[in-house]
Amino acid sequence: MTLTQLQAFIAAARAGTFTAAAEALNMSQPAVSDLVRRLEEELHAKLFVRGSRALRLTSAGEQLLPHAEQSVTSAELGEKAVRSQQELGGGTATFGLLRNADYYFRADLAKRFRRRYPKVRVRLIGQNSAETAGDVAAGVLEAGLVTLPIDDDAMDVLPLARDEVVYVSANPEHTRTPPTIESCCSAALVLYDAHYATSDPARRQLHERAQMAGTRLEPVIEVEYLGTALELVSEGFGDSMLCRAATAASTMPPGLHTISFAEPMFDTLAFIKRRGQILSPATRELVRLAWHSLVEHQSGPDATAQIIADELRVRAFLG
């Protein structure tokens, strides 16, 4: 049973003759008649009583008609939905964002996208990069912006920019000399992303450095959010680390001091998607806008990240 057969059957039922149905479908009369005949053979039932002047539905034809109409209508609506999405007149854009994404974008990404494409729904999921990578790999999200390193099995990864991670303290004595990994491990540290202590990209870098130095990183306080950690640092409960972009934010508490690590450390921002995946038009456009927002912001006075990918590489990534 095909949609073409159902369309021929519906047209014949509405028009009353195969000739009129053929005119409505812009087909030949024998073609319409043959489509209905093959449908009857497949169903093992006569759908019309063929009179001298007009067609009349049999009981089987009357049973089939509403279902045929529903099937054809559903197919037409599905086609319209796909075309609408391709033309950015509908659909949903899904994208994962690292929690500190606001530090790198000049304008709110959701507002910018929605103003351009008011008929497209937007799902921006802000979470730790490790979780974003997991959701992209599982197909929950089409794409995401993360910091590296992540587990990249079956993943396309495009590094975009890098921003330095710096040591932060309320005590100026603690930031006179660039800290080594050994001094970090012996300091009272307040670290964030507690739920992702072993998988957060920045925490992974610190743990790997500590491991190479034969020591361990054991913070005295772990919290979930950077803002909470910085409040504790400002009150003297310990030192922490943060991306340099955050130091220029209005949420940065006053009176804190920062310094580079003795072995400089960086957050590398990257787009990710499942390997070989073709993004939907809506998500592709959202990723493109995210890229331009990143570049615009890093061209302004508050720029901290170094752009390491050009637009040609972004286009290749988007496909």
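This text goes with the structure placed above it.
All of these numbers come straight from a predicted model, not from anything done at the bench. (Residues numbered from 1 in each chain as written. Predicted model: local features only at pLDDT ≥ 70, side-chain atom pairs only at ≥ 80, totals over all residues. Heavy atoms only, no water.)

A. Main features of the overall build of the chain. Per the secondary structure count, the chain includes 12 helices and 11 strands. Along the three orthogonal principal directions, the C-alpha set of the chain runs to about 105 × 40 × 30 Å. Expressed as a percentage of its 319 residues, the buried residues of the chain come to 44%. Accessible surface for the chain amounts to roughly 16,300 Å². Of this, 50% is attributable to carbon and sulfur atoms. For the chain, the centre of its 33 positive side-chain charges and the centre of its 39 negative side-chain charges are spaced 10 Å apart. (Helix = DSSP H or I, 4+ residues; strand = E, 2+ residues; numbered from the N terminus. Buried < 20%, exposed > 50% of the residue type's maximum accessible area, 1.4 Å probe, protein only. Areas by Shrake-Rupley, 256 points an atom, 1.4 Å probe, with all protein chains shown as cover. Lys, Arg positive; Asp, Glu negative; His and termini not counted. Charge placed at Lys NZ, Arg CZ, Asp CG, Glu CD.)

B. Molecular detail of the pattern of salt bridges. The tally for this structure, following the rule as stated, stands at 17 salt bridges. Measuring nitrogen to oxygen at the nearest pair gives 2.3 Å for the salt bridge that ties Asp 34 to Arg 37. Of this pair, Asp 34 and Arg 37 both sit in helix 3 (residues 29-43), three residues apart, which is roughly one turn of the helix. Judged by its relative accessible area of 26%, Asp 34 falls in the partly exposed class. When its relative accessible area of 36% is taken as the criterion, Arg 37 is described as partly exposed. (Salt bridge = Lys/Arg side-chain N within 4 Å of Asp/Glu carboxyl O.)

C. Molecular detail of the pairing of strand 3 (residues 92-98). In terms of residue burial, strand 3 counts as a mostly covered element, since six of its seven residues are buried. Where strand 3 and strand 4 (residues 121-127) come together, seven bridges link them in parallel fashion. If you follow Thr 92 over to strand 4, its bridge partner there is Arg 121. Summarising the sheet, strand 3 and strand 5 (residues 143-148) pair through three bridges and their orientation is parallel. (Pairing = 2+ DSSP bridges.)

D. Spatial organisation of the environment of Pro 253. Along the polypeptide, Pro 253 turns up in the loop between helix 10 (244-247) and strand 10 (257-274). Pro 253 gets classed as buried once you look at its relative accessible area, which sits at 15%. Linking Pro 253 and Thr 2, residues 251 residues apart in sequence, is a C-alpha distance of 67 Å. With residues near it in sequence (within four places) discarded, Pro 253 still touches Leu 230 and Ser 234. (Contact = heavy atoms within 4.5 Å.)

E. Spotlight on the pairing of strand 10. Relative to strand 10, strand 5 runs antiparallel, the two sharing six bridges. What sits directly across from Ala 143, in strand 10, is Lys 273.

F. Representation of the side chain of Ser 129 within the structure. Tracing the chain through its elements places Ser 129 in helix 6 (residues 129-138). The contacts of Ser 129, once residues within four sequence positions are left out, are Leu 98, Val 146, Thr 147, Ile 150 and Pro 201.

G. A look at the packing of helix 5 (residues 109-116) against helix 11 (residues 281-297). Between helix 5 and helix 11, whose axes approach to 10 Å, the crossing angle comes to 125 degrees. Here helix 11 runs oblique to helix 5, going by the angle between their axes. For the crossing formed where helix 5 meets helix 11, the hand is right-handed. Touching Leu 109, Arg 112, Phe 113 and Arg 116 of helix 5 are Ala 282, Glu 285, Leu 286, Arg 288, Leu 289, Ala 290, Ser 293 and Glu 296, all from helix 11. Tallied by class, residues from the contact of helix 5 with helix 11 come to six nonpolar, one polar and five charged. (Axes fitted to C-alpha atoms, helices over the stretch in contact; angles between N-to-C directions. Parallel < 35°, antiparallel > 145°, perpendicular 65-115°, else oblique. Left-handed = near helix turned anticlockwise from the far one by under 90°. Nonpolar A, V, L, I, M, F, W, Y, C, P; charged D, E, K, R; others polar.)

H. Broad picture of the nonpolar core. If you look at the biggest cluster of nonpolar residues, it comprises 48 residues, and the most contacted ones within it are Phe 95, Tyr 104, Leu 145, Leu 160, Leu 242, Phe 271 and Leu 294. In terms of residue count, the dominant contributor to this core is helix 11 (seven residues). Excluding its chain neighbours within four sequence positions, the residues that come into contact with Leu 145 are Phe 95, Gly 96, Leu 97, Leu 98, Phe 105, Leu 160, Leu 269, Ala 270 and Phe 271. Within the second largest apolar cluster, 21 residues are counted, among which are Ala 8, Ala 12, Leu 57 and Val 72. (Core = buried A, V, L, I, M, F, W, Y, C linked by side-chain atoms within 4.5 Å.)

I. Representation of the packing of helix 1 (residues 3-15) against helix 3 within the structure. Two elements in contact, helix 1 and helix 3, have axes whose closest approach is 9 Å; the angle formed by their N-to-C orientations is 110 degrees. When the axes of helix 1 and helix 3 are compared, the pair comes out roughly perpendicular. Note on packing geometry: the crossing formed by helix 1 with helix 3 is left-handed. On the side of helix 1, the interface is formed by Thr 4, Gln 5, Leu 6, Ala 8 and Phe 9, while helix 3 contributes Val 32, Leu 35, Val 36, Arg 38, Leu 39 and Glu 42.

J. Structural view of the packing of aromatic side chains. All told, the structure shown has six aromatic pairs when counted by the stated rule. Aromatic side chains Phe 9 and Phe 48 sit 5.5 Å apart centroid to centroid with 50 degrees between the ring planes, which places their arrangement in the tilted category. Taken together, the residues span a long stretch of sequence, with Phe 9 in helix 1 and Phe 48 in strand 1 (residues 48-50) at a distance of 39 residues. Here the aromatic rings of Phe 95 and Phe 271 are separated by 6.1 Å at their centres, their planes lie at 65 degrees, and the arrangement is edge-to-face. Of this pair, Phe 95 sits in strand 3 while Phe 271 is found in strand 10, placing the two residues 176 residues apart along the sequence. In this arrangement the basic side chain of Arg 162 is found over the ring face of Phe 266, its NZ or CZ atom lying 3.9 Å from the centre. Above the plane of the ring of Phe 317 lies Lys 273, whose end atom (NZ or CZ) is 5.3 Å from the centre. (Phe/Tyr/Trp six-rings, centres within 6.5 Å; stacked < 30°, edge-to-face > 60°. Lys NZ or Arg CZ within 6 Å of the ring centre and 35° of its normal.)

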